[in-house]
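Survey of secondary and tertiary structure
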Amino acid sequence: MAPPPKSALIKTMMRSFRWTMRLTTAQAAVVVCAAMFTTVFADWVSGPKVSMTIGYLFVDVLAAWTLRERAGIGIVLASIALGSVVNGFGTIPAVEQNGLSTSVAIWNTTTRAAGAIMIVLMVATLRHTIDGELWRASTDYLTRSLNGGAFRSQIDRMAQVGRRRNSTLLLLYMDLDGFKAVNDRHGHAAGDTVLRRFADEARARMRPDDLFARLGGDEFCAFLAIERGVAPEQVAESLHARLSEALHSTGHAVTCSMGAVVIDAAAAHDTERMIGLADEAMLEVKRNGKNAIRIAFDTPDAVRRAA
């Protein structure tokens, strides 16, 4: 069943939301501060007869969405304070108010702050809920790694980062040798322990921007951007050695067959082709004794033994 059609306005809003969700904390802080400055300046220029409430509310909501509830509440208080400096304490812009008593001014300010804070908390709760659902949809529950769908959807983004940095890309396809025997002899709990230990070690050896996923069963994939001056073969060999040590520490006879593909970032456009090359390199290991690594360079026939 096809999803319901979206209007142009909804499509624009969805693109805007996705953009804000990709902002880092520092980037979000800059955007919020810029929006606040613009709103305060517009409020100062327009004067108290023109209400800029919608501008302040936008900044409050933006802060809650991108920086969560604490920052949102802080921005609400800052908005109230700055609005009071510009328009007068307790005044309601665009409303004639003569002889405003202190108690009324305090009431007006308190209710405005409370209303804005309620909206901020609802927006922050929505963001937390969406983030949780996105995490569950993209994460393998057992190993806390990306799942196959999320991995494939993020490869293109990683390749774009690699092209901007002029990096070499390294795609790894890993299969655990002897894993089925662990499940058969010791039970699935023991097998789950092996998978978690393997995944924990792999993530510990990678940078936050690198991708690591469990594709299913005992098969894993990783995608790394290698900086200039670093040999990708050495990175793959080092990672294979560390993962082999982690598997040995479980006390089970499980090893790792790894296929690696070194890719020029400028040519990294076909996701399935890249994964297929790494898979073929891994299968070559399987056919020749397992527990080793093969490295391919862009084409399936350029495969050689590296460890």
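The following refers to the structure shown. Just so we're clear, the structure is a prediction, and the values are computed from it rather than from any experiment. (Residues numbered from 1 in each chain as written. Predicted model: local features only at pLDDT ≥ 70, side-chain atom pairs only at ≥ 80, totals over all residues. Heavy atoms only, no water.)

All right, on to the overall build of the protein chain then. Assigned secondary structure in the protein chain consists of 9 helices and 8 strands. Its C-alpha radius of gyration of 27 Å places the protein chain more than 25% over the 19 Å reference for a compact globule of 307 residues. Taken along the three principal axes of its C-alpha coordinates, the protein chain extends 90 × 45 × 45 Å. In the protein chain, buried positions account for 41% of the 307 residues. Of the contacts formed within the protein chain by residues at least 6 apart in sequence, a portion of 67% connects residues at least 24 apart. (Helix = DSSP H or I, 4+ residues; strand = E, 2+ residues; numbered from the N terminus. Rg over C-alpha atoms; globule rule 2.2 N^0.38 Å. Buried < 20%, exposed > 50% of the residue type's maximum accessible area, 1.4 Å probe, protein only. Contact = heavy atoms within 4.5 Å.)

Let us now look at the pattern of salt bridges. Scanning the model with the defined rule gives 15 salt bridges in all. With its nearest N and O atoms 2.7 Å apart, the salt bridge here joins Asp131 to Arg68. Within this pair, whereas Asp131 is found in helix H4 (residues 102-138), its partner Arg68 is found in helix H3 (residues 53-87), the two being separated by 63 residues in sequence. Note that Arg205 and Glu201 form a salt bridge whose closest N and O atoms lie 2.7 Å from each other. Judged by relative accessible area, Glu201 falls into the buried class, the value being 10%. Sharing partners across several salt bridges, the network here consists of Arg68, Arg127 and Asp131. (Salt bridge = Lys/Arg side-chain N within 4 Å of Asp/Glu carboxyl O.)

On to a nonpolar patch on the surface. Where nonpolar side chains cluster on the molecular surface, the patch consists of Phe37, Phe41, Trp44 and Val45 and spans about 520 Å² of accessible area. Relative to the elements of secondary structure, Trp44 occurs in helix H2 (residues 25-46). Relative accessible area serves as the criterion here: at 60%, Trp44 is assigned to the exposed category. (Patch = residues over 30% accessible without salt bridge, like charges linked within 9 Å, V, L, I, M, F, W, Y side chains within 5 Å. Areas by Shrake-Rupley, 256 points an atom, 1.4 Å probe, with all protein chains shown as cover.)

When you line up the elements, Lys6 lands in the segment before helix H1 (8-21). Between the C-alpha atoms of Lys6 and Ala266, which are 260 residues apart in sequence, the distance is 34 Å. Dropping the residues within four chain positions of it, Lys6 is found in contact with Lys11 and Met14.

Let us look at the packing of helix H6 (residues 179-186) against helix H7 (residues 188-204). Contact geometry for H6 and H7: axes closest at 6 Å, N-to-C directions at 145°. Along its contact with H6, which presents Phe179, Val182, Asn183 and His186, the element H7 presents His188, Ala190, Gly191, Val194 and Leu195. Partitioning the contact of H6 with H7 into residue classes produces 5 nonpolar, 4 polar and no charged. (Axes fitted to C-alpha atoms, helices over the stretch in contact; angles between N-to-C directions. Nonpolar A, V, L, I, M, F, W, Y, C, P; charged D, E, K, R; others polar.)

Counting residues in hydrophobic clusters, the biggest one holds 30 residues, and the most contacted among them are Leu170, Leu172, Met174, Leu176, Phe198, Phe212 and Phe220. Elements with a contribution of two residues or more to this core: strand E3 (168-177), H6, H7, strand E5 (219-226), helix H8 (232-249), strand E6 (255-264) and strand E7 (293-297). By residue number, the principal contributor to this core is H7, which donates 6 residues. Beyond its immediate stretch of four places on either side in the chain, Leu176 contacts Val194, Leu195, Phe198, Asp218, Phe220, Leu247, Val254, Thr255 and Lys286. Core analysis: the second largest hydrophobic core is formed by 24 residues, Ala150, Ala159, Ala225 and Ala265 among them. (Core = buried A, V, L, I, M, F, W, Y, C linked by side-chain atoms within 4.5 Å.)

None of this, on its own, says anything about what the molecule does.
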